[in-house]
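Listed below are the residues making up each chain.
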Amino acid sequence: MNTQSLQEMFPEVYRDFYSRNNLVVSWCYVFPWWPMWWKHISHSVRVKSKIPIKCYVWLNKNTSWKVTFWICHFFEISNKNFVRHNFNSVIKEYTWVSSILDSFLNDKKIINWCEISILSETSRWHSFWLSGTLFAVLVSWLFELFNLIDFNEYSDYNKFIDSEIYNEIFNLALSLELKSRYWNTIWQNILSTLSNYREPSILISEMYWKDITNYELSNIFRKHIPLMSSVENYITKDIPFDFWMIFPWISWDTKQVEQYKVADKNLLNNYKINFSDFLSNFDLNGKNIYLKEFVDNNIDIYNHIADTVWILNLKTVNLFQNMAKLWYRDDIIDDFIYHINQYRYALSLLENQSSFADDFVFYFRKNRSHFDEKIWIMPTASGKIWWWYVIVTKLWLSRNTLEKTISDLRYLYPNIEVEYSSYLDWNSNDWIILEQSVNNWLYSKYINKNLYVYFDNFWINYIWTFNDILEKETEWLILDTLQNKIYLNWEKLTSKDIHSQNATIEVLLILLKNVWKEISNKNFPISSYTKNKNEMFWKIILPFLKLIENNLNIKLELECKWWITDFYLKLEKVNLKIGVIKRI
């Protein structure tokens, strides 16, 4: 499954999304090379790589003075379809998220807020972790939308990551991630998303705590290092094995996972209590330093065991480096497969494991046609739910075996699905992509050129049929640039209402783009009205102002001053909704 295959299977979903949304951007999700649930809040070393499964975000300015989240569409692998959700059912901490964004926009003294919709090619609770990618995309584009960064600054990645604006974007995205994930953020997804590297990358940070302030957070060291840049004379950037992301069961809520983790932690730490009670009957007298430390100090057994999992990450980095130097050498691949299986064994010390991994290995061995076929399997997210498993086999060798194995497993796990396959879906180095910007005449391939663009001075933008726009926008004023007609409260005006609708539309379009500015008559299309102030005032400006006041009881402030042949127009703040219909 990748963005291309999904667009081929569900063109109507993408067509509807683009048709209703003016500004659309996208970014790729990332693939985890480690089990992600334990102590992932700050330090340790991780490895991730980018894949062509994407998150699309629509943003639009509004005048509500708040950040508004609208509909979220997610591809549900178990349903094999896109499912529509309200944002508050996807990010249950949406009030926190909205308040953080509100505060940010207030701090930046931004006077108009925005509304947001999402189209994601994976779900919130899936193994590619929606929230980190979503917030990286969202924050990056907020900066562009409100002119805090020029979009061209995204074109040079190396320059971008050294900029102060990069830190601002990362810290705001991280603060959203922290709130939405109960302070158990997978910050590495944000860092990976904000990159343009195709090869696996090392992610490193120094330790920080959940009560850290934004100021302190901005000074925390964190680094994103492409693995190949850490290897001299590497052979290839390609990964020399096949790998899959397998979804065997159902998705769960993040809060439920946190509750499972607490239960596991309490269970393990009860051993310490029981052991302490046992040892209290004996006088150790410092004879056994290890036991004495265990009894006297507040040792967290759960976290000590979890450290074993993170130590394995260092070997993951080392093995990737070896593969970059030596590429497809059997002993290196065998070491990698053996090593990654150790993750699963280490996790079994922290919780009971599902039977899925053992069943998968059993059927794989049953179906393999070559003795040299070996399999690597690891739960990427656990916590007594066993969501997704990463499967790795030797390059080219076991593709038929994997397909037979998954077919056999459907009798035991009817929901099993392949969410990602390296040899079918490939990898990606895409980062931020401007998919559509109606205001800048950039349209997606899904836009029907027979449709029309509607936009107004209240920052509403969408694409629809001409008649549907007229039926929807039944109030205030609409400028139809197709037929050069003006509609007021849905009624089409005549020459008796306004002497020249064509000239009026041309003037209003320029003034709406330049509210509060003095616009010289030389900047308007040449006509008898723009050459003579009296013609402009008595035949265009005054009839228009009277029409609005008589029908809507609204007084517009529209100045027309200076000399007869050298004058200017200035439109003050507009409290009238004026919509425009244009051809794509």
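These figures come from a predicted structure and were not determined experimentally.

A word on the nonpolar core
Counting residues in hydrophobic clusters, the biggest one holds 120 residues, and the most contacted among them are W33 and F241. Counting 34 residues, the second-largest nonpolar core is a separate cluster that includes I486, Y529, I540 and C560.

Section: the pairing of strand β3 (residues 68–76)
Of all 9 residues in β3, 8 are buried; the element is thus mostly enclosed. As judged from the 6 bridges shared by β3 and strand β4 (residues 81–86), these two strands associate in the antiparallel manner. Paired with E76 across the two strands is N81, which belongs to β4. Following β3, the chain reverses through 4 residues before pairing antiparallel with β4; K80 in that reversal takes a positive phi of roughly 55°.

A word on the packing of aromatic side chains
Two aromatic rings are characterised by how far apart their centres lie and by the angle between their planes. Inspection of every chain in the model, using the stated rule, returns 35 aromatic pairs. When the ring of F356 is compared with that of F360, the centres are 5.7 Å apart and the planes differ by 55°; the resulting orientation is tilted. Linking F356 with F360, this pair stays in helix α14 (residues 356–367), spanning 4 residues, or about one helical turn. Taking the relative accessible area as the measure of exposure, F360 reaches 0% and is therefore buried. Members of the aromatic cluster, each reached through a chain of ring pairs, are F10, Y14, F17, Y18, Y56, F75, F82 and Y446. The ring of Y423 carries the charged tip of R399 above its face, separated from the ring centre by 4.2 Å.

A closer look at the pairing of strand β14 (residues 461–464)
Bridge count between strand β13 (residues 452–456) and β14: 4 bridges; the pairing is antiparallel. Within β14, the position partnered with Y454 by the bridge is Y462. Linking β13 back to β14 in an antiparallel pair, the connection comprises 4 residues, with W459 at a positive phi of about 65°.

What to know about the sheet that holds strand β10 (residues 389–394)
One open sheet holds the 4 strands; their spatial order is β9-β10-β8-β11, and the pairing between them is antiparallel. Of all strands in the sheet, those with a lone pairing partner are β9 (375–379) and β11 (417–421), marking the two edges. Averaged over all pairs of adjacent strands, the angle between their axes in this sheet comes to 25°, without regard to strand direction. Where β9 lies against β10, 5 bridges are found, and the strand directions are antiparallel. Bridging across to β10, I377 finds its partner in I391. Seen against the sheet, helix α13 (residues 330–347) touches β8 (241–247), β9 and β10 and runs at an angle of roughly 30° to β9. Sheet contacts for α14: β8, β9 and β10; angle to β9, the most-contacted strand, approximately 165°.

Points about unusual backbone geometry
The residue K109 is not glycine, and still its phi comes out positive at about 55°. Looking at where K109 falls in the secondary structure, it is placed in the loop between α4 (94–107) and β5 (113–120). A positive phi is found at W516, a non-glycine position, where the angle reads about 80°. By secondary structure assignment, the location of W516 is in the loop between α18 (501–512) and β18 (519–520).

Quick notes on the sheet that holds β13
Read across the open sheet, the 6 strands follow the order β14-β13-β21-β15-β16-β17; overall the sheet is mixed. In this open sheet, the two strands that pair with only one neighbour each are β14 and β17 (491–492). Examined bridge by bridge, β13 and strand β21 (residues 578–583) share 5 bridges and lie antiparallel to one another. Bridge assignment links Y452 to a residue of β21, and that residue is R583.

Let's talk about the packing of helix α12 (residues 301–326) against α13
Two numbers describe how α12 lies on α13: the axes approach to 10 Å, and their chain directions differ by 165°. Taken together, the axis directions place α12 and α13 in an arrangement best described as roughly antiparallel. Along this stretch, α12 crosses α13, giving a crossing that reads as left-handed. Residues T308, V309, L312, N313, K315, T316, L319, F320, N322, M323 and L326 of α12 lie in contact with α13, whose contacting residues are I332, I333, D335, F336, H339, I340, Q342, Y343, A346 and L347. Taken together, the residues that form the contact of α12 with α13 break down as 13 nonpolar, 6 polar and 2 charged.

Remarks on the packing of α14 against helix α15 (residues 399–409)
At their nearest, the axes of α14 and α15 sit 9 Å apart, and the two run at 125° to each other. It follows from the interaxial angle that α14 and α15 lie oblique. Considering how the two elements wind past one another, α14 and α15 form a crossing that is right-handed. Note on element contacts: α15 touches α14 through T401, L402, K404, T405, I406, D408 and L409, opposite F356, D359, F360, Y363, F364, K366 and N367. In terms of residue class, the contact of α14 with α15 is built from 7 nonpolar, 3 polar and 4 charged.

Observations regarding α13
In a regular helix each residue adds 1.5 Å, so 18 residues correspond to 26 Å; α13 covers 27 Å between its end C-alpha atoms and thus fits that length. All of the buried residues along α13 are I332, I333, F336, I337, H339, I340, N341, Y343, R344, A346 and L347. Of the surrounding secondary structure, the elements contacted by the buried residues of α13 are β8, α12, α14, β9 and β10.

With respect to the environment of F104
One can find F104 in helix α4. C-alpha of F104 to C-alpha of L172: the two residues are 68 residues apart in sequence and 8.3 Å apart in space. Beyond its immediate sequence surroundings of up to four residues, F104 is in contact with F143, L148 and L172.

Overview of the side chain of S398
Tracing the sequence through the fold places S398 in the loop between β10 and α15. Aside from chain neighbours lying at most four places away, what touches S398 is F364, E373 and T393.

Comments concerning the side chain of T316
Here T316 lies in helix α12. Residue T316 is classed as buried on the basis of its relative accessible area, which comes to 1%. There is a polar contact of 2.8 Å between the side chain of T316 and the side chain of Y343. Residues within four places of T316 in sequence aside, it is in contact with W33, V47, H339, I340 and Y343.

Section: the pattern of salt bridges
By the definition in use, this model includes 13 salt bridges. Its salt-bridge partner being K80, residue E417 comes within 2.4 Å of it at the nearest N-O pair. Placement of the pair is E417 in strand β11 and K80 in the loop between β3 and β4, with a sequence separation of 337 residues. Given a relative accessible area of 48%, K80 falls into the partly exposed group.

Brief notes about the confidence of the model for the chain
Caution applies to low-pLDDT parts of the model: their predicted coordinates are not meant to be read in detail. When pLDDT is averaged along the chain, the result is 80; 86% of the residues meet or exceed 70. α15 holds the highest mean pLDDT among the elements of the chain, 95, whereas helix α11 (residues 289–296) holds the lowest, 65.

Rules behind the numbers
- Residues numbered from 1 in each chain as written.
- Predicted model: local features only at pLDDT ≥ 70, side-chain atom pairs only at ≥ 80, totals over all residues.
- Heavy atoms only, no water.
- Core = buried A, V, L, I, M, F, W, Y, C linked by side-chain atoms within 4.5 Å.
- Buried < 20%, exposed > 50% of the residue type's maximum accessible area, 1.4 Å probe, protein only.
- Helix = DSSP H or I, 4+ residues; strand = E, 2+ residues; numbered from the N terminus.
- Pairing = 2+ DSSP bridges.
- Phe/Tyr/Trp six-rings, centres within 6.5 Å; stacked < 30°, edge-to-face > 60°.
- Lys NZ or Arg CZ within 6 Å of the ring centre and 35° of its normal.
- Axes fitted to C-alpha atoms, helices over the stretch in contact; angles between N-to-C directions.
- Contact = heavy atoms within 4.5 Å.
- Parallel < 35°, antiparallel > 145°, perpendicular 65-115°, else oblique.
- Left-handed = near helix turned anticlockwise from the far one by under 90°.
- Nonpolar A, V, L, I, M, F, W, Y, C, P; charged D, E, K, R; others polar.
- Expected span 1.5 Å × (residues − 1).
- Polar contact = N/O pair within 3.5 Å; in protein donor to acceptor, adjacent residues only side chain to side chain.
- Salt bridge = Lys/Arg side-chain N within 4 Å of Asp/Glu carboxyl O.
- pLDDT = per-residue confidence, 0-100.

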